[in-house]
Amino acid sequence: MSEFRWDPLKSTWVITANHRAREPRDFFLDRQQIQTSTCPFCPGHEGKTPPEVFALRTPGLAANGPEWQVRVVPNKFPLLRIEGELGRRTEGLYEIMRGIGAHEVVIETPDHDRTMADFSTAEISGVLQAYRARLLDLRRDPRFRYLQVFKNHGFEAGAPLPHAHSQIMAVPITPPTTKAELLVCRDYFRANDRCLICDLIGQELNDGRRVIYDDGRFLVVAPYASCFPFELRLFPYRHGHDFALQDDADLDGCAAALRNVLRRLRNLLRDPPFNFILHTAPPMQPRPEHPDYWSTLAFDYHWHIELVPRLSRIAGFEWGSGFFINLMPPEDAARFLRGTDPDSSF
Ligand SMILES: [Zn+2]
Ligand SMILES: [Zn+2]
Ligand SMILES: [Zn+2]
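Below is a summary of the structure that appears in this document. (Residues numbered from 1 in each chain as written. Chains lettered and ligands numbered in written order. Predicted model: local features only at pLDDT ≥ 70, side-chain atom pairs only at ≥ 80, totals over all residues.)

Here we take up the overall build of the protein chain. Broken down by element type, the protein chain carries seven helices and 14 strands. The principal-axis extent of the C-alpha atoms belonging to the protein chain is close to 50 × 50 × 45 Å. For the protein chain, contacts bridging at least 24 residues in sequence account for 68% of all contacts bridging at least 6. (Helix = DSSP H or I, 4+ residues; strand = E, 2+ residues; numbered from the N terminus. Contact = placed C-beta atoms within 7 Å.)

Here you go:
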């Protein structure tokens, strides 16, 4: 079973996975790709995954059979497990708790060889519907403080299986990066009585230099202080703290924006590895010891998606200082992406 371990010097939690004995050779760089005949995500291999917890398929067809569009299954090798209690305790200066959580895989397409940039808007919308359905279900478990939806595309971005998929992790602690963003938004709201992200959207639209996509409902920009080349943020114009409360039209709009910029990235940068992360509000669990815990979230937080192509490595200076060096100013990144045809093939 994995564990959450607390580092008192770095003031951070680390998940230590120890449910499978690993050997040094497991860490040799290996780009061997899994073939369709053995891929557990391909149709006909539904029995190779745990039973599905959600699927989009033709009504009337049996679960865990073929003929699906999107399928969500528990991870067969979960980093976090759903059963049991946290058992939080100290070990001298350290703290430890059991790796309780949920770890699910969203299989985005039955087709082994198509990536999200190949999908229609309706297909991407189906993936977003799967995220929404799982977020609504997982938030019913009061142990989960945060539900993290993310996608790894390409080996360098952490996707050893080429078949298009994303993941959902339910964790018993609000992740520090999430919490920092939530607190910044709350403080801004308290000081200004406005949502920071609504204000950012307004400033980016006025400026225009970093805008890549704008259809009047969704906006994609290269962040002013991008850490990485071609880093992107996707914002809905309409204020809403919780992705899981968005309606089908919102998901369709998000899918259209995502498709547009994924195709631009693929065409401009020759299918780069990337990660995207859904930034949405934590489930608002009642906390007797914190009666006002996240109570202003609906006003001060604004869901969005952050996307980072993995084109550069984090080197010593960044690792040591936390200052990122970005060789592609976001104004240039946006100009290159605006100048790329999303509909051509690369
Ligand atoms: Zn496959
Ligand atoms: Zn807002
Ligand atoms: Zn964010």
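Read on for the rest.
The strand order across the open sheet formed by ten strands is β3-β4-β7-β9-β8-β13-β14-β12-β11-β10, and the pairing between neighbours is antiparallel. Only two strands of the sheet have a single neighbouring strand rather than two, namely β3 (54–57) and β10 (211–214). Averaged over all adjacent pairs, the angle separating strand axes in this sheet is 15 degrees, with direction ignored. Note that strand β4 (residues 68–74) and strand β7 (residues 102–107) share four bridges and pair antiparallel. Note that in β7 the partner of Arg71 across the bridge is Ile107. Across the sheet, helix α3 (residues 196–207) is in contact with β10, β11 (218–221), β12 (232–236) and β14 (304–309); its angle to β11 comes to roughly 70 degrees. (Pairing = 2+ DSSP bridges. Axes fitted to C-alpha atoms, helices over the stretch in contact; angles between N-to-C directions.)

On to helix α2 (residues 176–192), then. The end-to-end C-alpha distance of α2, which contains 17 residues, comes to 24 Å, matching closely the 24 Å that a straight helix rising 1.5 Å per residue would cover. Of the residues one or two after α2, Asp193 is the one with positive phi, at around 60 degrees. (Expected span 1.5 Å × (residues − 1).)

By the secondary structure assignment, Val127 is in helix α1 (residues 121–138). When the 27 C-beta atoms within 10 Å are taken as the criterion, Val127 is described as buried. Residues Val127 and Met116 lie eleven residues apart in sequence; the distance between their C-alpha atoms is 9.5 Å. (Buried ≥ 20, exposed ≤ 12 C-beta atoms within 10 Å, placed from the backbone.)

Our focus in this paragraph is the nonpolar core. Counting 69 residues, the largest nonpolar core has Val106, Ile212, Val220 and Val261 as the members making the most contacts within it. If one sorts the elements of this core by residue count, helix α4 (residues 248–269) sits on top with eight residues. Discounting chain neighbours no more than four positions away, the residues touching Ile212 are Val220, Val221, Ala222, Leu232, Val261, Arg264, Ala334, Leu337 and Arg338. (Core = buried A, V, L, I, M, F, W, Y, C linked by C-beta atoms within 7 Å.)

The subject of this paragraph is the environment of Gly44. Within the element layout of this structure, Gly44 appears in the loop between β2 (12–16) and β3. Separated by 20 residues in sequence, Gly44 and Asn64 place their C-alpha atoms 9.3 Å apart.

Our focus in this paragraph is the environment of Glu46. Within the secondary structure layout, Glu46 lies in the loop between β2 and β3. Take Glu46: there are 20 C-beta atoms within 10 Å of it, and that puts it in the buried class. Here the alpha-carbon distance between Glu46 and Ile124, two residues 78 residues apart in the chain, equals 21 Å. When neighbours within four sequence positions are excluded, Glu46 is seen to be in contact with Asn64, Gly65 and Pro66.

Quick look at α1 now. Every α-helix winds through 3.6 residues per turn, so residues three or four apart in the chain are directed the same way. Taking 1.5 Å of rise per residue, the 18 residues of α1 would be expected to cover 26 Å, and the 26 Å separating its terminal C-alpha atoms lies within 8% of that figure. Buried residues of α1: Glu123, Ile124, Ser125, Gly126, Val127, Leu128, Ala130, Tyr131, Arg132, Arg134, Leu135 and Leu138, and no others.

What follows deals with the packing of α1 against α4. Relative to each other, α1 and α4 sit at 120 degrees, their axes nearing to 8 Å. By the angle class used here, α1 and α4 are oblique. Note on packing geometry: the crossing formed by α1 with α4 is right-handed. In this structure, α1 contributes Thr121, Ile124, Ser125, Leu128, Gln129 and Arg132 to the contact, and α4 contributes Leu251, Asp252, Cys254, Ala255, Ala256, Leu258 and Arg259. Among the residues making up the contact of α1 with α4, the classes are represented as seven nonpolar, three polar and three charged. (Parallel < 35°, antiparallel > 145°, perpendicular 65-115°, else oblique. Left-handed = near helix turned anticlockwise from the far one by under 90°. Nonpolar A, V, L, I, M, F, W, Y, C, P; charged D, E, K, R; others polar.)

Reading across the sheet, the four strands line up as β2-β1-β6-β5 and stay open at both edges, with antiparallel pairing between neighbours. Across the chains shown, the open sheet's two edge strands, defined by having one partner strand only, are β2 and β5 (89–91). The mean inter-strand angle of the sheet, taken between neighbouring strand axes irrespective of direction, is 30 degrees. Of the pairings in the sheet, the one linking strand β1 (residues 3–7) to strand β6 (residues 94–98) comprises four bridges and is antiparallel in character. Counterpart to Trp6 in the pairing with β6 is Glu95.

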